[in-house]
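Architecture and fold: a report
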Amino acid sequence: MPEPLTFPADFLWGAATSAYQIEGAVREDGRTPSIWDTFSHTPGKTDGGDTGDVAVEHYHRYRDDVALMADLGLNAYRFSVSWSRVQPTGRGPAVQRGLDFYRRLVDELLAKGIKPALTLYHWDLPQDLEDAGGWPARETAYRFAEYAGFVAEALGDRVESWITLNEPWCSAFLGYGSGVHAPGRTDPAAALQAAHHLNLAHGLGTQALRAALPARARVAVSLNSSVVRAVSDSPADQDARRRIDNLANGVFHGPMLHGAYPADLLDDTARITDWSFVQDGDLAAAHQPLDALGLNYYTPALVSAAQDDPGSPRADGHGASDHSPWPAADDVAFHQTPGDRTEMGWTIDPTGLHDLIMRYTREAPGLPLYITENGAAYDDKPDADGRVHDPERIAYLHGHLAAVRRAITDGADVRGYYLWSLMDNFEWSYGYSKRFGAVYVDYETQARVPKSSAHWYAGVAAAGELPEQSVVG
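Just so you know, these numbers come straight off a predicted model, no measurement behind them. (Residues numbered from 1 in each chain as written. Predicted model: local features only at pLDDT ≥ 70, side-chain atom pairs only at ≥ 80, totals over all residues. Heavy atoms only, no water.)

**Observations concerning the sheet that holds strand S7 (residues 228-230)**
What counts, and what does not: Strands pair, by our definition, only if DSSP identifies at least two bridges between them. Under the DSSP-based scheme used, a helix requires at least four consecutive residues in state H or I and a strand at least two consecutive residues in state E, with every element numbered from the N terminus. Here an axis means a line fitted to C-alpha atoms, over the contact stretch when the element is a helix, while the angle between two N-to-C directions is reported on a 0 to 180 degree scale. Contacts are assigned to residue pairs with any non-hydrogen atoms lying within 4.5 Å of each other.
Overall, mixed pairing links the three strands, which are arranged S7-S9-S10 in an open sheet. Edge positions in the sheet fall to S7 and strand S10 (333-335), since each has one partner strand and no second. The average undirected angle you get between the axes of adjacent strands in this sheet is 40°. Two strands pair when backbone bridges link them, and S7 and strand S9 (residues 301-304) are joined in this way by three bridges, in the parallel orientation. Opposite alanine 230, over in S9, you have valine 303 as the bridge partner. Of the strands in this sheet, S7, S9 and S10 touch helix H10 (residues 235-258), which is tilted by about 170° from S7.

**Side note on the pattern of salt bridges**
Where charged atoms of side chains with opposite charge meet at close range, the side chains can pair. As a reminder of what qualifies: Salt bridge, as used here: a side-chain nitrogen of Lys or Arg that lies within 4 Å of a carboxyl oxygen of Asp or Glu. Only protein chains enter the calculation, and the probe is 1.4 Å; a residue is then buried if its accessible area is under 20% of its type maximum, exposed if over 50%, and partly exposed in between.
The tally for this structure, following the rule as stated, stands at 34 salt bridges. Note that glutamate 363 and arginine 359 form a salt bridge whose closest N and O atoms lie 3.8 Å from each other. Here the residue glutamate 363 and the residue arginine 359 both occupy positions in helix H13 (residues 350-363), the gap between them amounting to four residues, near one helical turn. By relative accessible area, glutamate 363 is classed as partly exposed at 24%. Between lysine 381 and aspartate 379 there is a salt bridge whose closest N-O contact spans 2.5 Å. Residues joined in a network through salt bridges with shared partners are Asp380, Asp390, Arg393, Asp424, Arg435 and Lys451.

**Quick look at the UniProt feature "active site" (unreviewed entry) in the protein**
Applied cut-off: UniProt positions are given in the numbering used here, feature names are shortened, and annotations may be inferred rather than shown by experiment. Nitrogen and oxygen atoms within 3.5 Å of one another constitute a polar contact, given that in protein one can donate a hydrogen and the other can accept it, and given that sequence-neighbouring residues count only through two side-chain atoms.
The sites that UniProt annotates as "active site" (unreviewed entry) are Glu373. As for its placement among the helices and strands, glutamate 373 is situated in strand S11 (residues 369-373). If we skip the residues at most four places from it in the chain, glutamate 373 touches Arg78, His122, Asn166, Glu167, Leu295, Asn296, Tyr297, Tyr298, Tyr418 and Trp420. Engagement of the side chain of glutamate 373 in a polar contact is seen with the side chain of arginine 78, the distance being 3.4 Å.

**Description of the packing of aromatic side chains**
Given two aromatic rings, their pairing is described by the distance between the two centres and the angle made by the two planes. Heads up, the rule is: Working definition: a ring pair exists when centres of Phe, Tyr or Trp rings (six-membered ring for Trp) sit within 6.5 Å. Plane angles under 30 degrees give stacked, over 60 give edge-to-face, the rest tilted.
Counting across every chain of the model gives 34 aromatic pairs. Where tyrosine 59 meets phenylalanine 101, the ring centres are 4.5 Å apart and the plane angle is 35°; that geometry is what we call tilted. With tyrosine 59 in helix H3 (residues 58-71) and phenylalanine 101 in helix H5 (residues 96-111), this pair connects stretches of sequence that are 42 residues apart. In this structure tyrosine 59 comes out as buried when scored by relative accessible area, which is 4%. Where phenylalanine 426 meets tryptophan 428, the ring centres are 6.3 Å apart and the plane angle is 75°; that geometry is what we call edge-to-face. This pair shows no difference in class: phenylalanine 426 is buried, exactly as tryptophan 428 is. The rings of Tyr20, Trp36, Phe39, Trp123, Phe426, Trp428, Tyr432 and Tyr443 are connected pair by pair, giving a single aromatic cluster.

**Considerations on helix H8 (residues 168-178)**
Along H8, 11 of the 11 residues are buried, which leaves the element largely enclosed by surrounding structure. Among all positions in H8, only Pro168, Trp169, Cys170, Ser171, Ala172, Phe173, Leu174, Gly175, Tyr176, Gly177 and Ser178 are buried. Buried-residue contacts for H8 involve strand S4 (115-121), helix H6 (127-131), strand S5 (161-166), helix H9 (188-212), strand S6 (218-223) and H10. Of the residues trailing H8, glycine 179 is marked for its positive phi of about 80°.

**Some details on the environment of leucine 419**
Within the element layout of this structure, leucine 419 appears in strand S12 (residues 414-420). On the basis of relative accessibility, which here comes to 2%, the residue leucine 419 falls in the buried class. In this structure the C-alpha to C-alpha distance between leucine 419 and serine 84, which are 335 residues apart in sequence, comes to 26 Å. Aside from chain neighbours lying at most four places away, what touches leucine 419 is Gly14, Ala15, Ala16, Asn374, Leu397, Ala438 and Tyr457.

Here it is as structure tokens:
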């Protein structure tokens, strides 16, 4: 008999969401538009013209949602704070009505024995700050630090786990490079500036958190670091892999973990920018001691040197655009990796998650790791009895949790897993067309129905180990 895949007794079993994707109530209690409000209301930017105006009404239904988490046996919940709900213009004093919502949410979580993990920024920059230049503007980093301090002062007595930024790669390169995410700009030089100022914001925000939080608090960042593989061992394909790896990973983990950008990244992008926006002291500010590192993983990337048909679609999994999110790498070809795919068209490959964990075990020895996002979208529908059976998602989760357990066996210090996502929600430019949730949401009635994957995940969390079979009846 194979040895049971048992997890450490104190392993965190959680789920994750983000503010704009679930809260709704976009005009209540002083909240003003974020870049995602503006972007989603711009014709042609989201599937079906969908917006987060209502989303899944979590702002009003949070007590029921927390009760649902408790029923599923989750002991951790990762959520984000809406910056423009707390600080409507991105400047000036905090709005207490906005902070009160998060106080109520956290109190409800703690009452149910669920540990909150608070993400300060999950892509919803106040529109006023975008109008002033957005992330390509240096001032935005300082405004973020001020905002971080406000939230820490309000919630630092009850929240121990803090995450500065979620997936800054998407904020910089999809928001300012390819334009498939808010604010929809398409300027490769601005994308690199945004990346730097997000690094600076992380560092300044970490300093602000340390100044306001009690010593027991833990500060982390969540990176969607890519597992980049080459189609062959040829020097040209390996160089393509190196270039994309720097743009996907080194541009953030270099400053955050090591206090420097990779020298070859600066060389590769020299025709786009001279990086003169990096000022003395910036890299030291970005390189703050962390208590943990969050890793988000969905699928690996497969690249090669220039393809024969440079006009063919770019298969990098980040949405269709005539503009690349990869500055100075237009000649790198992306390929569909073989294997089964999710509804997003992403290949299912748990080996990538194991490789990612082991990479950061080497990159940041001694730093605890959390899987802060991992999950899959499928075309889920209720059956005649109103139940939602999603065996594909169960198989996906089983494979990826097994990869996490194998990494622990191989010496990685992984302390928790946050399934993406708790429930179906607004999936950014895909609107409501993609369902990642373990809980089905009927968007007409807002009824919540735990899918079979939610019940399966609850069983894994209760037992602290994976069952032998990857599906349930």
